[in-house]
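Spelled out, the chains give:
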Amino acid sequence: MAIDVGPEARTGTGRTGTEWPANLDVGALLEEGWRPTAFRQFIVKLHGRCNLACDYCYLYEMADQGWRARPRRMSRPIVAAVAGRVAEHVRAHGLTGVEIILHGGEPLLAGVDHLRYTLATLRAAVPGGVECALRMQTNGTLLDTPFLELLAEFDVRVGVSVDGDEAGHDRHRRRRGGRGSHADVRAGLERLTAPRYRHLFGGLLCTIDLRNDPVATYEALLAFDPPMVDFHLPHGTWDAPPPGRAPDDPATPYGDWLAAVFDRWYRAPVRETRVRMFGEIIRLLLGRPSRSESVGLSPAAMVVVETDGSLEQVDSLKAAYDGAAATTLHVLRDAFDAALLLPPIVARQIGVRALSERCAACALHPVCGGGLYPHRYRAGSGFRNPSVYCPDLYRLITHIHAAVARDVAALRKGGR
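Peer 1: Any details on the overall build of the chain? Residues and values, ideally.
Peer 2: Scanning the chain from N- to C-terminus turns up 15 helices and 10 strands. Relative to the globule expectation of 22 Å for 416 residues, the C-alpha radius of gyration of the chain, 21 Å, shows essentially globular dimensions. With the principal axes as the frame, the chain shows a C-alpha extent of 55 × 55 × 50 Å. For the chain, the proportion of its 416 residues judged to be buried stands at 55%. Restricting the contact set of the chain to residue pairs at least 6 apart, pairs at least 24 apart contribute 73%.

Right under this line is the structure:
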């Protein structure tokens, strides 16, 4: 691939222009022999609004309020442009597979007809012989038979957000009038997990609340027999820390919470489901690369297209500050390759070189990877800091390491 270091590649999106990685010298990296990793995950913001009003939502309740000025729904011309750009990127890099995730807001608010157009357009654009995995993340409240039939027609894997039992879920995930959504989500999940559609069920996403009992939360999720569970730490930064996580406090409330879930999951006599975070940490401890952006040092290979066609970085950056995820690029004008050379995206592909001195000096950095990138933000120094969850990550990783090491030692002893 011929790489042109144009103005877009030299322009950062740091808040002041001096916060890291706005001053990252991409040209120097290229001269040293570094090359970007092609995008393999395309997050398409099909609808920019939601029918819930979750109080922890990074899109609507945190620093970046850019959603207010964007179209509610991605138009058909923008959908077609996204499909064309994905095909272009696949051909330019000789990719054998890509993942396209329909996201929001709530993507099902786009309606059946628009969703059909989107899925058909995306599927048709990807060159023959290239695996195209279509996925959707939804709050589950709108999953009815017409949508499920359509999703089955295009073989779309569906992830559903649910925060445990009714009390834990409804504490945050409510309708605008204040009514909880758990009953509606449960009804949607029951339809999704019926025999006709069960194969579409991709898993559950649960945001942690320290007030919820960890084991009870996990077991409430198990009641849906999910193929995978993904626990998310609430988004926060050093300037706006998450609930219960005071900056520079050595306490480990989130690490303790996750360690309790790990013990319940790991010691079950039969493996009941995959837990993404735990599986990725175990992979990394055994010397294998990460497949998740939340841990490890593998290059981040995802890009977001907003409803208006703007190209953005990972949208959880919206928790950091207004405009943190933004780029100057647009799908009607720019190829995805242009985004590959933006300093903020390059920063998430250069591994240990993106870490703070404190992280690089830590023995756990190949596993932790500095934590989720948005959680590292501090005004003035940007994203070259440890995660605001650093003590929690240390607690969890060392806990998992001890458990795995014990079992490996026992296996070796038994094999003698």
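Peer 1: Kindly report on the confidence of the model for the chain, identifying the contributing residues and their values.
Peer 2: Looking at the chain, pLDDT values average 94 and 95% of them are 70 or higher. Under a pLDDT of 50 for its full length, residues 1-14 has, in the predicted model, 32 contacts with residues more than four places off or in other chains.

Peer 1: Lay out the state of the cysteines in plain terms, naming residues and giving numbers.
Peer 2: Here a disulfide denotes one covalent bond, and it connects the sulfur atoms of two cysteines. Enumeration according to the criterion identifies 0 disulfides in this entry. Considering cysteine sulfurs only, Cys 50 is the nearest to Cys 54, which forms no disulfide, with 5.9 Å between them. With a relative accessible area of 10%, Cys 54 lands in the buried category. Left without a disulfide partner, Cys 206 is nearest to the cysteine sulfur of Cys 54, which lies 12 Å away.

Peer 1: Describe helix H3 (residues 76-93), and please don't skip the residues or the numbers.
Peer 2: Taking 1.5 Å of rise per residue, 18 residues should cover 26 Å, and H3 covers 26 Å from first to last C-alpha, within 8% of that figure. Every buried residue of H3 is accounted for by Ile 78, Val 79, Ala 81, Val 82, Ala 83, Arg 85, Val 86, Ala 87, His 89 and Val 90. Packing partners of the buried residues in H3 comprise strand E1 (41-45), strand E2 (97-103), helix H4 (112-125), strand E8 (302-305), strand E10 (326-330) and helix H11 (336-340). Of the residues trailing H3, Gly 94 is marked for its positive phi of about 60°.

Peer 1: Break down the packing of H3 against H4 for me, citing the residues and quoting the values.
Peer 2: Running from N to C, H3 and H4 point in directions that differ by 20°, and their axes come no closer than 8 Å. When the interaxial angle is binned, H3 and H4 end up roughly parallel. For the crossing formed where H3 meets H4, the hand is right-handed. Along the contact surface, H3 presents Arg 76, Val 79, Ala 80, Val 82, Ala 83, Ala 87 and Arg 91, while H4 presents Asp 113, His 114, Tyr 117, Thr 118, Thr 121, Leu 122 and Ala 125. Of the residues belonging to the contact of H3 with H4, the class tally is 8 nonpolar, 3 polar and 3 charged.

Peer 1: Any chance you could break down the packing of aromatic side chains for me, citing the residues and the numbers?
Peer 2: Considering all chains together, one arrives at 13 aromatic pairs under this definition. Ring geometry for Phe 262 versus Phe 278: centroids 5.3 Å apart, planes at 90°, classification edge-to-face. Placement of the pair is Phe 262 in helix H9 (residues 253-266) and Phe 278 in helix H10 (residues 276-285), with a sequence separation of 16 residues. Take Phe 278: its relative accessible area is 0%, and that puts it in the buried class. Measuring from centroid to centroid gives 5.5 Å for Trp 265 and Phe 278, while their planes differ by 50°, and the two rings are tilted. Taken together, the residues span a long stretch of sequence, with Trp 265 in helix H9 and Phe 278 in helix H10 at a distance of 13 residues. Pair check on accessibility: Trp 265 and Phe 278 agree, each one buried. An aromatic cluster of three or more residues is present, and its members are Phe 262, Trp 265, Tyr 266 and Phe 278. Looking at Arg 76, its charged tip hangs above the ring of Tyr 117, at a distance of 4.4 Å from the centre. Arg 271 extends its terminal NZ or CZ atom over the ring of Trp 265, reaching a point 4.2 Å from the ring centre.

Peer 1: Quick rundown of the pattern of salt bridges? Include the residues and the values.
Peer 2: Across all of its chains, the model carries 26 salt bridges by this definition. The shortest N-O distance in the salt bridge between Glu 272 and Arg 264 comes to 2.8 Å. Under the relative-accessibility criterion, Glu 272 is labelled partly exposed at 32%. Looking at Arg 264, the relative accessible area reads 21%, which means it is partly exposed. Of the charged contacts, one joins Arg 333 and Asp 334 as a salt bridge, the two residues approaching to 3.1 Å between their closest N and O atoms.

Peer 1: How would you explain the nonpolar core if you had to name every residue and give the values?
Peer 2: General note: in soluble globular proteins, nonpolar side chains tend to be found buried as a group. Among the nonpolar cores identified, the biggest contains 89 residues, and Leu 115, Phe 231 and Phe 278 are the most heavily contacted of them. Those residues within four positions of Phe 278 in sequence are excluded, and the remaining contacts are Leu 258, Val 261, Phe 262, Trp 265, Leu 396 and Ile 400.

Peer 1: An account of H9 is needed here, citing residue identities and associated values.
Peer 2: Its 14 residues give H9 an end-to-end C-alpha distance of 20 Å, which sits within 8% of 20 Å, the value for a rise of 1.5 Å per residue. Taken as a whole, H9 has its buried residues at Tyr 254, Gly 255, Trp 257, Leu 258, Ala 259, Val 261, Phe 262, Trp 265 and Tyr 266. If you follow the buried residues of H9, they end up packed against helix H8 (214-222), strand E6 (228-232), strand E7 (274-275), H10 and helix H15 (390-414).

Procedures and definitions
Residues numbered from 1 in each chain as written. Predicted model: local features only at pLDDT ≥ 70, side-chain atom pairs only at ≥ 80, totals over all residues. Heavy atoms only, no water. Helix = DSSP H or I, 4+ residues; strand = E, 2+ residues; numbered from the N terminus. Rg over C-alpha atoms; globule rule 2.2 N^0.38 Å. Buried < 20%, exposed > 50% of the residue type's maximum accessible area, 1.4 Å probe, protein only. Contact = heavy atoms within 4.5 Å. pLDDT = per-residue confidence, 0-100. Disulfide = S-S within 2.5 Å. Expected span 1.5 Å × (residues − 1). Axes fitted to C-alpha atoms, helices over the stretch in contact; angles between N-to-C directions. Parallel < 35°, antiparallel > 145°, perpendicular 65-115°, else oblique. Left-handed = near helix turned anticlockwise from the far one by under 90°. Nonpolar A, V, L, I, M, F, W, Y, C, P; charged D, E, K, R; others polar. Phe/Tyr/Trp six-rings, centres within 6.5 Å; stacked < 30°, edge-to-face > 60°. Lys NZ or Arg CZ within 6 Å of the ring centre and 35° of its normal. Salt bridge = Lys/Arg side-chain N within 4 Å of Asp/Glu carboxyl O. Core = buried A, V, L, I, M, F, W, Y, C linked by side-chain atoms within 4.5 Å.

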